[in-house]
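# A closer look at the structure
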Amino acid sequence: MNENVGKLLIKQIFLFTVLILIVLITGVLYYHLFEGLPLVDAFFFTAITISTVGYEMPETLSTTGRIFTSILIFMGISVVLYGISSVTAIIVEGKLSDYMKERRNRKMIEKMQNHIIVVGAGKTGQYVIAELIREKESFLIIDKSEENVKRLLEMYSIEVPYIVGDAAEEDILLNAGISKAKALITTLPEDSVNVFVVLSARTLNPSLTIISKVTDVSSIRKLIYAGATTVVAAAEIAGTRMARLTTRPESVNFVDLFAFGNEQYRIEEIKIVKNSVLVNKKISDLDIGKKFKVMVLAVNREGDTIFGPSGDLELRENDALMIMGRKENIDEFKKFSDI
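Anyway, here's the lowdown on the structure attached to this text. Note that this is a predicted model, so its numbers are computed, not measured.

In this section: the pattern of salt bridges. Opposite charge on two side chains permits them to pair, given that their charged atoms come into close proximity. Within the structure shown, the criterion is met by 7 salt bridges. Close ionic contact of R104 with E159 constitutes a salt bridge, the shortest N to O distance being 2.8 Å. Of this pair, R104 sits in helix 3 (residues 63-111) while E159 sits in the loop between helix 5 (146-156) and strand 3 (162-164), placing them 55 residues apart in sequence. According to the relative accessible area criterion, E159 is exposed, its value standing at 51%. K182 is the partner of E137 in a salt bridge, and the nearest nitrogen-oxygen pair spans 3.1 Å. Taken together, the residues E137 in the loop between helix 4 (123-134) and strand 2 (139-143) and K182 in the loop between helix 6 (170-175) and strand 4 (183-186) connect sequence positions 45 residues apart. The exposure class of K182 is partly exposed, given its relative accessible area of 30%.

A few words on the pairing of strand 2. The element strand 2 is extensively covered by neighbouring structure, given that 5 of its 5 residues are classed as buried. Residues F139, I141 and D143 point to one face of strand 2 and L140 and I142 to the other, with burial holding for every one of them. For strand 1 (residues 116-119) and strand 2, the ladder comprises 4 bridges, and the chain directions are parallel. Across the sheet, I116 pairs through a bridge with F139, a residue of strand 2. With helix 4 bridging strand 1 and the parallel strand 2, this β-α-β connection has right-handed handedness.

It is worth spelling out the packing of aromatic side chains at this point. All chains considered together, the criterion is met by 7 aromatic pairs. Measuring from centroid to centroid gives 5.6 Å for Y30 and Y31, while their planes differ by 75°, and the two rings are edge-to-face. Overall, Y30 belongs to the buried group, its relative accessible area being 12%. Judged by its relative accessible area of 0%, Y31 falls in the buried class. Of the aromatic side chains, those joined through ring pairs into one cluster are Y30, Y31, F34, F45 and F68.

So, on to the nonpolar core. In this structure, I117, I142 and L184 are the most contacted members of the largest nonpolar core, which totals 27 residues. Among the elements of the structure, strand 1, strand 2, helix 6, helix 7 (191-204), strand 5 (209-214), helix 8 (220-226) and strand 6 (230-233) are those that each provide at least two residues to this core. With 4 residues, helix 7 is the largest single contributor of residues to this core. Filtering out sequence-adjacent residues up to four positions away, L184 remains in contact with I117, V119, L173, I178, V197, A201, L208, T209, I210 and I211. Membership of the second largest hydrophobic core comes to 17 residues, among which are I272, V296, L315 and I330.

Calculation notes
- Residues numbered from 1 in each chain as written.
- Predicted model: local features only at pLDDT ≥ 70, side-chain atom pairs only at ≥ 80, totals over all residues.
- Heavy atoms only, no water.
- Salt bridge = Lys/Arg side-chain N within 4 Å of Asp/Glu carboxyl O.
- Helix = DSSP H or I, 4+ residues; strand = E, 2+ residues; numbered from the N terminus.
- Buried < 20%, exposed > 50% of the residue type's maximum accessible area, 1.4 Å probe, protein only.
- Pairing = 2+ DSSP bridges.
- Right-handed = clockwise from strand over helix to strand, strands pointing away.
- Phe/Tyr/Trp six-rings, centres within 6.5 Å; stacked < 30°, edge-to-face > 60°.
- Core = buried A, V, L, I, M, F, W, Y, C linked by side-chain atoms within 4.5 Å.
- Contact = heavy atoms within 4.5 Å.

Set out below in structure tokens:
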């Protein structure tokens, strides 16, 4: 039962208790003050009247007392029915709401394909999710804490499927559709847990792209052995960048323009597929800069990187272009290239 339902249930039980006490006190005071019954007898008679047990009425009860007793019976029945119906409705509606949310979440996961699985809804996961939202990627979240996931979803005001559980367990990854996923990003703070997640993911999907966070650089080798495609050492990257901000601030600030400044700008690697219109074409013939307003920074060919390629370079299948430009221009170039 979620927190909101629990609070509402407590509120209704409190209200029900107050109403019962009001009816009970009203009855006791009337029978004691107006019918002359001792307090204990007045309480007893009020109790059996409200509960409709049906014991005999006192012989001394006046006509007014009989009318009051009849009214008290209706009041007691109404309050009890109200209390029971209210509590029952809250419980049923709360469980029904939880069931519907869980069902909708499960349906969303079943429909997902070529998606990204983000493991961990902590600080690092927050930045990963923010970038995936900007890139309009399809993704789901796995975390042991449902509270962490809901906090993230409320932060970005989005509805994203999620699974509460341990991503190191194969059943959790299977439920996340890992066989249909294109990538997995694990951002957990413990390197040992990240190793288990990577190992399980690689076993279930050998072709999966796996990106893992690492806290201790000595664990990088373990993650690579476990099957991670790329390992990101957050502390190392932060330390290197801080040092370069001191030694080479101009170059770092220029890179920041694309990485952290205007989110419209991007530096992306685009692989040329077999049927692309780019195959066997020279860079100068394509006139990429003029038509699409993007710049080719480098070409990766069979492991060798050609920086600042000349216009005479002929592009081949499986080449990887490193291009720079606005996001919408890069997307337009991708569409033209059938990538």
